[in-house]
Amino acid sequence: MNLTNKLYVVTGAAADSDIGLAICKKLDECGAKLILVGRREAALIETKRQLTQQHHQIAAFDLSHLEDIQSWVKSLINQFGAIDGLVHSASYQGYSPLRTISPKQISQYLDVNFSAAVLLIAAFSKAKHFNSGASFVFIGSAAGQRGLKARTLYAASKAALSSMVQSAALELANKKIRVNCVAPAVVSGAKAELQFSALGEQQSQILVDAHPLGLSSPQDVANSVYFLLSGLSANTTGITLAVDGGFLAG
Ligand SMILES: NC(=O)c1ccc[n+]([C@@H]2O[C@H](COP(=O)([O-])OP(=O)(O)OC[C@H]3O[C@@H](n4cnc5c(N)ncnc54)[C@H](OP(=O)(O)O)[C@@H]3O)[C@@H](O)[C@H]2O)c1
C-alpha cells in the first residue's frame, strides 16, 4: 500500500526516539508527507535529515501546553492543509513507586500521554481538518493492559488512552475516521538498555523471558502503525493492537 500524497502528523518524532524515528522512516519509505512534532527543533531537523523524501515539515511544539493545542492544530491546517492521519507517539515515561507520587507527577504523565491525545483527536477531527478515510493511531503500551510494579502512573495513562480510542472510534465512525492504538511491550533500543541497566542482569533476564518471541524492534511497531494507517486495515477501528512478542499472552 502506497501512502503517496497522504499527509500525517507524527508526534514524538525526535531523531533520538526509538519508536518515533522508526515510524517516520517507515511512512517516508511509503511515500507519505510528514509533519514532525516534538519539543526540540534540532532533534526534528535530524529526523528530517535521515528521511529520503524532502517534502516533510517540522513543527516544534510542547504538547503539555494543553490550552494551546486547539489553536496550534488550526495553524498547522492553515499552513499545510487537511491531514490523512495522526500518530501520537510522544509520551512521558518513567517509574512512579506509590511512595514517591506527587500531584505534579500525575499531571506530567496524564498531560502528554492522555490529555494531549484527547485534545489532538478533538482538534484534528473537526470539519475540514481531515481528509476522507483519515486514520488516527495512538502509541499505548502493554503496561496499560496489565499491572506492573512501580508503573502506576505510566500504566494508567496508557490504559486511559486505550479506553479513549474505543469511545472516539464510535463517535468518529460516522465521519469515517478510524481510531486505533498500538501497544508495545519492551522494545529494543535506548529505553530498553536504560531499563536493563537499572534492573541488573538477573531481573533483566526475567523481563526478556516474559516476551516469548523476544523483544519487539522499533520497526515491528512501525509496521503495525503503517498497517493501521493504511487501507489494509480499512474496516478496523477501536482496537489496541499488541506488538509485544507474546508478553500479554502469559
Ligand atoms: N520504548 C519502549 O520500550 C516502549 C514500550 C512501550 C510503549 N512505548 C511507547 O512508545 C512511544 C514511543 O516510545 P519511545 O521510547 O520511542 O519514546 P521516546 O524516545 O521517549 O520519544 C518520545 C518523544 O516524545 C517527545 N516528547 C516528549 N514530551 C513531549 C511534549 N511535551 N511535547 C512534544 N513532544 C514530546 C520527545 O521529544 P522532545 O524531547 O524533543 O520533545 C521524545 O523524543 C511512547 O508513547 C511510549 O510510551 C515505548
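Look above for the structure.
The structure contained in this document is the topic of the report that follows. (Residues numbered from 1 in each chain as written. Predicted model: local features only at pLDDT ≥ 70, side-chain atom pairs only at ≥ 80, totals over all residues. Heavy atoms only, no water.)

Below, the discussion takes up the packing of helix α6 (residues 190–199) against helix α7 (residues 201–209). As a packed pair, α6 and α7 sit with axes 6 Å apart at the nearest point and diverge in direction by 135 degrees. In terms of orientation, α6 and α7 fall into the oblique class. Across the interface between the two elements, Q195, F196 and L199 from α6 touch E201, Q203, S204, L207 and V208 from α7. Broken down by class, the residue content of the contact of α6 with α7 amounts to 4 nonpolar, 3 polar and 1 charged. (Axes fitted to C-alpha atoms, helices over the stretch in contact; angles between N-to-C directions. Helix = DSSP H or I, 4+ residues; strand = E, 2+ residues; numbered from the N terminus. Parallel < 35°, antiparallel > 145°, perpendicular 65-115°, else oblique. Contact = heavy atoms within 4.5 Å. Nonpolar A, V, L, I, M, F, W, Y, C, P; charged D, E, K, R; others polar.)

Quick look at the side chain of S216 now. For S216, the location among the structural elements is in the loop between α7 and α8 (218–229). On the basis of relative accessibility, which here comes to 5%, the residue S216 falls in the buried class. For S216, the side chain forms a polar contact with the main-chain oxygen of V243, separated by 3.1 Å. The residues contacting S216, other than those within four sequence positions of it, are V186, V187, S188, V243, D244 and G245. (Buried < 20%, exposed > 50% of the residue type's maximum accessible area, 1.4 Å probe, protein only. Polar contact = N/O pair within 3.5 Å; in protein donor to acceptor, adjacent residues only side chain to side chain.)

Turning our attention to the packing of aromatic side chains. Summed over the entire model, instances satisfying the criterion amount to 2 aromatic pairs. Between F61 and W72, the ring centres sit 4.2 Å apart and the planes meet at 5 degrees, which makes this aromatic pair stacked. Taken as a pair, F61 in the loop between β3 (57–60) and α3 (69–80) and W72 in helix α3 lie far apart in primary sequence, 11 residues in all. Assigned by exposure class, F61 and W72 land together as buried. Both rings, one in Y92 and one in Y109, keep their centres 4.8 Å apart while their planes meet at 85 degrees; by these two values the pair is edge-to-face. Within this pair, whereas Y92 is found in the loop between β4 (83–88) and α4 (103–124), its partner Y109 is found in helix α4, the two being separated by 17 residues in sequence. Residue classification places Y109 among the buried residues on the basis of a relative accessible area of 2%. Here the basic side chain of R151 rests over the ring of Y95, its NZ or CZ set 4.6 Å away from the ring centre. (Phe/Tyr/Trp six-rings, centres within 6.5 Å; stacked < 30°, edge-to-face > 60°. Lys NZ or Arg CZ within 6 Å of the ring centre and 35° of its normal.)

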